[in-house]
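# Geometric and topological summary
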Amino acid sequence: MSDADDHRWLPPFCSLPTLFAVMLVAELVALIVVLAPGADGATLMRLGIVSVYLQWLGLLNAVVLCSLRGALDRLTPRSGLLIAWLVMIGVTTLAALLIQTMDRALGLGLTGSGVAAARFVPANAVLCALIGAALLRYLFVIERWRERVRAASKAQVDALQARIRPHFLFNSMNTIASLIRTRPADAERAVEDLSDLFRAALGANGAHGTLGEELERVDHYLRIESLRLGPRLAIRRDLDALPRDFALPPLLLQPLVENAIYHGIEPLPDGGTLDLTGRRLDDGWEIAIGNPCPARPVRRGGNGHAIDNIRARIGYHFGDRAALIAEPGDGRFRVIVRLPLEPPDGHARAMSARAR
Amino acid sequence: MKVLVVDDEPLARERLVALIGEIDGAAVVGQAGSGAALLEAAPALRPDVVLLDIRMPVMDGLEAARHLAALETPPAVVFCTAYDEHALAAFDVHAIDYIVKPVRAERLRQALERARRYGGEQLRRAGGSGPDRQRTHLCARVRGSLVLVPIGEVAYLQAEDKYVVIHHARARS
């Protein structure tokens, strides 16, 4: 979704749901006009004619407003809606005039005769003003509500981003404090690695990155944990098949690796081997993170929370073209991330919107 | 004052040992990398203070502290942890102090000073009680040393005069 889309307040008149609403209202009005007391006979024939006229009027208005949407969106909602309303009245008046002129030329008498004929155009304008105001207001409120739901889910996804366990921060600081005395070069590198991780967690890189950058972040994270856990942490990597320039939001894999250490390897007295593998499938990429783990979970806060977070974010960015699968096994745990072959199109568009 | 340093991370132990080395009147008598190793070493080393990490694999620091209380002269326990989510639990097992990592030299000096003043009496009074957290081991005293029996290996407990005898997979204590 591009940035410009986020700030739209005017309903999209060309979208199917809006067109459906317009047609439904037009048909309701047609029924009222035909059934209203004083109308000359509720014949099916008349309903047909009125329906055709009102549907045409409704769709004409929708098309005009749809093409004006870009210009109207730049105004404030209040003046934008007012102008949209005036445009509707104008279009309806002109259309009514046109129809009446044609009707007279053809001599069909569909627009009434005598007093009724003189009232045809003003009546059209007034009815359009009343119904148009109600319909615009309804569509505007619906659009506001949709906007709010979208903003709420975006905020939720943003909030999921910055989650590095405080334990990890303080343990790393402790490791660095210890290294400064004995191995200053290692301490220096640990500070750099930690900074990179927190830069990503604090959202300084924006919402965009590549798989290569994420794998690098995983390496930085593992380097810090290796200092801390020493020989208890062994790592087996098989990631060469993965495309480094694949567009991927930051911190989609690192938290899963952190989970593997936190719930799996760290609580084991002798540690274990972390398995990172990446391969190409027929229709996408697969990244698997495997680790040994205690028979019963030891750590509070369960494994599910972080995994649900990542799953929600994968869903947000890739829709149902990507998946996260958790495979608890006997003394082992494996999560698999499946990504599509190509990143979503929206990504490139969003990037260019940001560049502007 | 004899100090025993317990942490599963070698670098964390290394730093504490270095800091204690700079404090007058304190000396490190040993290090342990797990709760079980601590309980094995404590009776022989007879430390005055144990600096105890809370988060360790298998047996955490809180449980190890409860078992220490079974010693004839229990040491004072000072908990060290990276993130203070266990502070209340630490008071439940009557720790003398609670410090956060990375430990400041000044703060460590204070903690050791408190331990010098109050000793291990607090821990003894706690008598190994504490909140009903999941135990992983039973602790038995056999001829002055502590023996840990994993709960899973306990066959049954038998009351015998003043004592309770643990019958377990390997033998009885």
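Here the residue numbers are simple positions, counted from 1 along each chain's written sequence. Throughout, the order in which chains and ligands are written sets their labels, letters from A for the former and numbers from 1 for the latter. Side-chain atom pairs in this predicted model are given and counted only at pLDDT of 80 or more, local residue features only at pLDDT of at least 70, and totals for whole chains, interfaces and linings cover all residues.

### Quick notes on the confidence of the model for chain B
The predicted coordinates of low-pLDDT regions are not to be read in fine detail. Averaged over all residues, the pLDDT of chain B is 83; the fraction at 70 or higher stands at 86%. Quick note on the complex model: pTM equals 0.64, ipTM equals 0.73. For every residue, the predictor assigns a confidence score, pLDDT, that lies between 0 and 100.

### Here's the deal with the interface of chain B and chain A
Each residue is represented by a C-beta atom placed from its backbone, and any two residues with such atoms within 7 Å are regarded as in contact. Taken together, the 14 residues of chain B in the interface contact 19 residues of chain A. Gly counts as polar in this scheme, as do all residues outside two lists: the nonpolar Ala, Val, Leu, Ile, Met, Phe, Trp, Tyr, Cys and Pro, and the charged Asp, Glu, Lys and Arg. Counted by class, the side of chain B that touches chain A contains nine nonpolar, one polar and four charged residues.

### Considering unusual backbone geometry
The omega angle of the peptide bond from Lys101 of chain B to Pro102 of chain B is -5 degrees, so this bond is cis rather than trans. In this description a helix means any DSSP run of H or I spanning at least four residues, a strand means any run of E spanning at least two, and both kinds are numbered starting from the N terminus. Mapped onto the fold, Pro102 of chain B is located in the loop between strand E5 (97–100) and helix H5 (105–118). Here Leu251 of chain A, not a glycine, exhibits a phi torsion of approximately 60 degrees, which is positive. Counting through the fold element by element, Leu251 of chain A comes out in the loop between strand E1 (233–238) and helix H9 (254–265).

### Here's the deal with the pairing of strand E4 (residues 76–81) of chain B
All names here are of chain B. Partly exposed residues are those whose C-beta has more than 12 but fewer than 20 other C-beta atoms within 10 Å; 20 or more makes a residue buried and 12 or fewer makes it exposed, with C-beta atoms placed from the backbone. The buried count for E4 comes to six of six residues, which makes it a mostly enclosed element. Of the two faces of E4, the one carrying Ala76, Val78 and Cys80 and the one carrying Val77, Phe79 and Thr81 are both buried. By this definition, two strands are paired if DSSP reports at least two bridges between them. Judged from the five bridges that link them, strand E3 (residues 49–53) and E4 form a sheet pairing that is parallel. Opposite Leu51, over in E4, you have Val78 as the bridge partner. Inspection of the sheet shows E4 paired to E5 by four bridges, in the parallel sense. Within E5, the position partnered with Phe79 by the bridge is Tyr98.

### Some words on the confidence of the model for chain A
All names here are of chain A. Looking at chain A as a whole, the pLDDT averages 84, with 87% of positions reaching at least 70. Under a pLDDT of 50 for its full length, residues 1–7 has, in the predicted model, eight contacts with residues more than four places off or in other chains. With pLDDT under 50 throughout, residues 346–356 is counted as low confidence; its partners more than four residues away or in other chains account for nine contacts.

### A closer look at the sheet that holds strand E1 (residues 2–6) of chain B
Residues and elements named next belong to chain B. Spatially, E2-E1-E3-E4-E5 is the arrangement adopted by the five strands of the open sheet, whose pairing is parallel. Both edges of this open sheet fall to strand E2 (27–32) and E5, since each of them pairs with a single strand only. Pairwise comparison of adjacent strand axes, ignoring direction, gives a mean angle of 20 degrees for this sheet. Note that E1 and E2 share five bridges and pair parallel. What sits directly across from Lys2, in E2, is Ala27. Helix axes are fitted to C-alpha atoms over the stretch in contact, other axes to C-alpha atoms as well, and angles between N-to-C directions run from 0 to 180 degrees.

### A few points about the packing of helix H2 (residues 16–35) of chain A against helix H3 (residues 44–73) of chain A
Residues and elements named next belong to chain A. Close contact between H2 and H3 brings their axes to 8 Å; oriented N to C, the two are set at 145 degrees. Here H2 runs over H3; the crossing is right-handed. Judged by residue contacts, Leu19, Val22, Met23, Val25, Ala26, Glu27, Val29, Ala30, Val33 and Val34 of H2 engage Arg46, Leu47, Val50, Ser51, Leu54, Gln55, Leu57, Gly58, Leu59 and Ala62 from H3. A breakdown of the residues in the contact of H2 with H3 according to their chemical character gives 15 nonpolar, three polar and two charged. If you view the pair so one helix is near and one far, a crossing is left-handed when the near helix is turned anticlockwise from the far one by less than a right angle, and right-handed when it is turned clockwise.

### Let's talk about helix H2 (residues 35–45) of chain B
Buried residues of H2 of chain B: Gly35, Ala36, Leu38, Leu39 and Ala42 of chain B, and no others. Seen end-on, H2 of chain B carries its buried residues on one side only, within an arc spanning 160 degrees. Arc definition: directions from the helix axis to the C-beta atoms.

### Side note on the packing of helix H6 (residues 166–182) of chain A against helix H1 (residues 10–21) of chain B
The contact between H6 of chain A and H1 of chain B brings their axes to 9 Å, and the two run at 60 degrees. Here H6 of chain A is positioned oblique relative to H1 of chain B, judged by the angle of their axes. Both H6 of chain A and H1 of chain B take part in a crossing whose hand is left-handed. In contact with Asn174, Thr175, Ala177, Ser178, Leu179, Arg181 and Thr182 of chain A of H6 of chain A, H1 of chain B contributes Leu11, Ala12, Glu14, Arg15 and Ala18 of chain B. Taken together, the residues of the contact of H6 of chain A with H1 of chain B break down into five nonpolar, four polar and three charged. Angular relationships are summarised with four words: roughly parallel below 35 degrees, roughly antiparallel beyond 145, roughly perpendicular across 65 to 115, and oblique for the angles in between.

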